[in-house]
Amino acid sequence: MTNAPLIELRDTTKKYDDGPPALAGVTLSVAAGECVAILGHSGSGKSTLLNLIAGLDRPSSGTVTVGGTRVDRLGEAGSAKYRRASIGMIFQFFNLLDDLTVLDNVLVPAQLAGMGKGEAKQRAVELLGSLGIDRHAKAYPQRLSGGQRQRVAVARALMNKPALLLADEPTGALDSSSAEDVRRLLLDLNSEGQTILLVTHDVRLAASTARRTIELVDGAVERDVVNDGSSAGMPLTRPAGAAG
Ligand SMILES: Nc1ncnc2c1ncn2[C@@H]1O[C@H](COP(=O)(O)OP(=O)(O)OP(=O)(O)O)[C@@H](O)[C@H]1O
Ligand SMILES: [Mg+2]
């Protein structure tokens, strides 16, 4: 029996209107437990790639398979269900609901998934505790610092124990000390086995957080390398799409 990758894209293309494709024939696979950085200039297709993997958008051609599910074939309801069950997402600008307390923000995914109230609250409080923000549970997001808000967003993303955590520029709006906190948090989560795709412009963030870096140029995979250790030595190049 072979070990199927958690994420597999085959010749995946996304075209909007008549411009050049946002994603142009991407083939790649990611194993469970990897932390992979997606690097590339603005407009290179990074968010498009995450959106296709999250089932928020559909490819124009090619396939997207996550955990054995053909995400590109899901309808609207199926894709919402898939996201609730399998995907946690964090973004540059947190996307928290300002009218809800920290605790209630974290509870939203559990409510959508129909988790029992007691169980949900217990998990939310545990998560907030492990992220060091439990004392802000009753505060509203506006009252928190950027780094604290991003921790709330991480707690919310982890609420339903997603197989896959997708992070789109999670440190892009943070000062350097909060960014470092979030970076460590992602490292810790990955060391506990969480699979993470981390989109960033920041080469140093990518190198210090992820063992593998995929670089997109004009919607295509330009590089797919494993950084071994912390040295700036020769990366181990491997062909795009080769499983680890
Ligand atoms: N909904 C859309 N409609 C039309 N074009 C789009 C849409 N979303 C993205 N694009 C185009 O697809 C290309 C890739 O966009 P994408 O958002 O994936 O880039 P990105 O690498 O995430 O950039 P950034 O670093 O600025 O976030 C861009 O040329 C963009 O203009
Ligand atoms: Mg983007």
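Look above for the structure.
Presented here is a report on the structure given in the accompanying data block. None of these values were measured; they are calculated from a predicted model.

What counts and what doesn't
Residues numbered from 1 in each chain as written. Chains lettered and ligands numbered in written order. Predicted model: local features only at pLDDT ≥ 70, side-chain atom pairs only at ≥ 80, totals over all residues. Heavy atoms only, no water. Near = heavy atom within 4 Å. Polar contact = N/O pair within 3.5 Å; in protein donor to acceptor, adjacent residues only side chain to side chain. Areas by Shrake-Rupley, 256 points an atom, 1.4 Å probe, with all protein chains shown as cover. Nonpolar A, V, L, I, M, F, W, Y, C, P; charged D, E, K, R; others polar. Helix = DSSP H or I, 4+ residues; strand = E, 2+ residues; numbered from the N terminus. Buried < 20%, exposed > 50% of the residue type's maximum accessible area, 1.4 Å probe, protein only. Core = buried A, V, L, I, M, F, W, Y, C linked by side-chain atoms within 4.5 Å. Contact = heavy atoms within 4.5 Å.

## A closer look at the site of ligand 1
Around ligand 1, the neighbouring residues are Tyr16, Ala22, His41, Ser42, Gly43, Ser44, Gly45, Lys46, Ser47, Thr48 and His201. Contacts to ligand 1 include Ser42, whose side-chain N or O atom sits 2.5 Å from an oxygen atom. Computed on the free molecule, ligand 1 has an accessible area of 630 Å², of which 56% lies beneath the protein chains in the complex. Per-class residue counts for the shell around ligand 1 are two nonpolar, eight polar and one charged.

## Quick word on unusual backbone geometry
Positive phi values are uncommon outside glycine, yet Asp11 reaches one of about 50 degrees. Locating Asp11 in the fold gives a position in strand 1 (residues 7-14). Although it is not a glycine, Asp218 adopts a positive phi angle of roughly 50 degrees. Relative to the helices and strands, Asp218 is located in the loop between strand 9 (212-217) and strand 10 (220-226). Classification of Asp218 as exposed rests on a relative accessible area of 64%.

## Structural notes on the nonpolar core
The biggest cluster of nonpolar side chains holds 39 residues, and the ones touching the most others in it are Leu128 and Met159. With six residues, the top contributor of residues to this core is helix 5 (residues 146-158). Residues within four places of Leu128 in sequence aside, it is in contact with Val102, Leu103, Val106, Ile133, Asp134, Ala137 and Ala155. One finds Val30, Met89, Leu166 and Val199 within the second-largest nonpolar core, a separate group that totals 27 residues.

## A short note on the side chain of Ser44
With respect to the helices and strands, the residue Ser44 is situated in the loop between strand 3 (35-39) and helix 1 (46-53). Among the polar contacts listed, one links the side chain of Ser44 to the backbone oxygen of His41, at a separation of 2.6 Å. Discounting chain neighbours no more than four positions away, the residues touching Ser44 are Ala22, Leu216, Val217, Asp218 and Gly219.

## As for the environment of Asp72
Examined against the element boundaries, Asp72 turns out to sit in the loop between strand 5 (69-70) and helix 2 (76-86). Given the relative accessible area of 11%, Asp72 is considered buried. Separated by 28 residues in sequence, Asp72 and Leu100 have C-alpha atoms that sit 33 Å apart. Not counting the four nearest positions on each side in its chain, Asp72 is found in contact with Arg58, Pro59, Gly62, Thr63 and Val64. A distance of 2.9 Å separates a polar atom in the side chain of Asp72 from the backbone nitrogen of Val64.

From the geometry alone we can't say anything about function, so treat these as descriptive.
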